[in-house]
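Residue-level structure breakdown
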Amino acid sequence: VSCGWLPTPRNGRKNGTHYLQGKTLGFTCNEGYILYKSTERTCLEEGMWTGEQPYCISDDKVGFILGAFGSLSALVAMGLTLKLHNRKQARERKVESLEMVTQAQTG
């Protein structure tokens, strides 16, 4: 059983050339690059590879990507906090108006 050819990551290396059941390929990156996703992939008897296709990112881009992700996460958290706060205020106003109606009816 063959799992098919796997590409070499750009700015990296693929260690191995056997694509048959039970064989494992390893992946590394050139100096100055960091490997993401699977460092190894094994050919299964179903004809599929384990893991995910790896890729190499330069060290300077890693900081940018992590910074962008952190900023996006902060924006999402702020948005959710504001939405929950607005919901709470709306509920409190509703309760206050119900209490006023109840007092007016009993008073």
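Located above this text is the structure these notes cover.
In short, a report on the structure. Quick caveat: nothing in here was measured; it's all calculated off a predicted structure.

Another point: the packing of aromatic side chains. In the structure shown here, the tally under the stated rule is two aromatic pairs. With a centroid separation of 6.3 Å and an interplanar angle of 90°, the aromatic rings of Tyr19 and Trp49 are classed as edge-to-face. With Tyr19 in the loop between strand S1 (12–15) and strand S2 (24–29) and Trp49 in the loop between strand S4 (40–42) and strand S5 (55–58), this pair connects stretches of sequence that are 30 residues apart. Across the pair, Trp49 and Tyr19 agree in class, each one buried. For the pair Tyr36 and Tyr55, a centre-to-centre distance of 6.0 Å together with 20° between the ring planes defines the contact as stacked. A residue pair is termed long-range when its members are at least 10 positions apart, and Tyr36 in strand S3 (residues 33–36) and Tyr55 in strand S5 qualify at 19 residues.

On to the side chain of Ser58. Checked against the element boundaries, Ser58 lands in strand S5. In this view, Ser58 contacts Gly32 and Tyr33; residues no more than four positions away in its chain are not counted.

This part takes up the sheet that holds S4. The three strands are arranged S1-S2-S4 in an open sheet whose pairing can be described as antiparallel. The strands lining the two open edges of the sheet, one partner per strand, are S1 and S4. Mean inter-strand twist for the sheet, computed between neighbouring axes without regard to direction, equals 20°. Pairing of S1 with S2 involves four bridges; the strand directions are antiparallel. In the strand pairing of S2, Gly12 is matched with Cys29.

Not every positive phi belongs to a glycine, and Asn11 is a case in point at roughly 65°. On the basis of relative accessible area, Asn11 is assigned to the partly exposed category, the value being 31%. A positive phi angle is found at Lys37, which is not glycine, with a value near 80°. Following the sequence through the fold, Lys37 ends up in the loop between S3 and S4.

Right, let's get into a nonpolar patch on the surface. A surface patch of nonpolar side chains, amounting to about 290 Å² of accessible area, comprises Leu72, Val76 and Leu80. Turning to its location among the elements, Leu72 is positioned in helix H1 (residues 59–106). On the basis of relative accessible area, Leu72 is assigned to the exposed category, the value being 53%.

Take the pattern of salt bridges next. Per the counting criterion, the structure on display carries one salt bridge. In this structure, Lys37 engages Glu52 in a salt bridge whose closest nitrogen and oxygen atoms are separated by 3.3 Å. Here Lys37 is found in the loop between S3 and S4, whereas its partner Glu52 is found in the loop between S4 and S5, with 15 residues between them in sequence. Given a relative accessible area of 46%, Glu52 falls into the partly exposed group.

Analysis parameters
Residues numbered from 1 in each chain as written. Predicted model: local features only at pLDDT ≥ 70, side-chain atom pairs only at ≥ 80, totals over all residues. Heavy atoms only, no water. Phe/Tyr/Trp six-rings, centres within 6.5 Å; stacked < 30°, edge-to-face > 60°. Helix = DSSP H or I, 4+ residues; strand = E, 2+ residues; numbered from the N terminus. Buried < 20%, exposed > 50% of the residue type's maximum accessible area, 1.4 Å probe, protein only. Contact = heavy atoms within 4.5 Å. Pairing = 2+ DSSP bridges. Axes fitted to C-alpha atoms, helices over the stretch in contact; angles between N-to-C directions. Patch = residues over 30% accessible without salt bridge, like charges linked within 9 Å, V, L, I, M, F, W, Y side chains within 5 Å. Areas by Shrake-Rupley, 256 points an atom, 1.4 Å probe, with all protein chains shown as cover. Salt bridge = Lys/Arg side-chain N within 4 Å of Asp/Glu carboxyl O.

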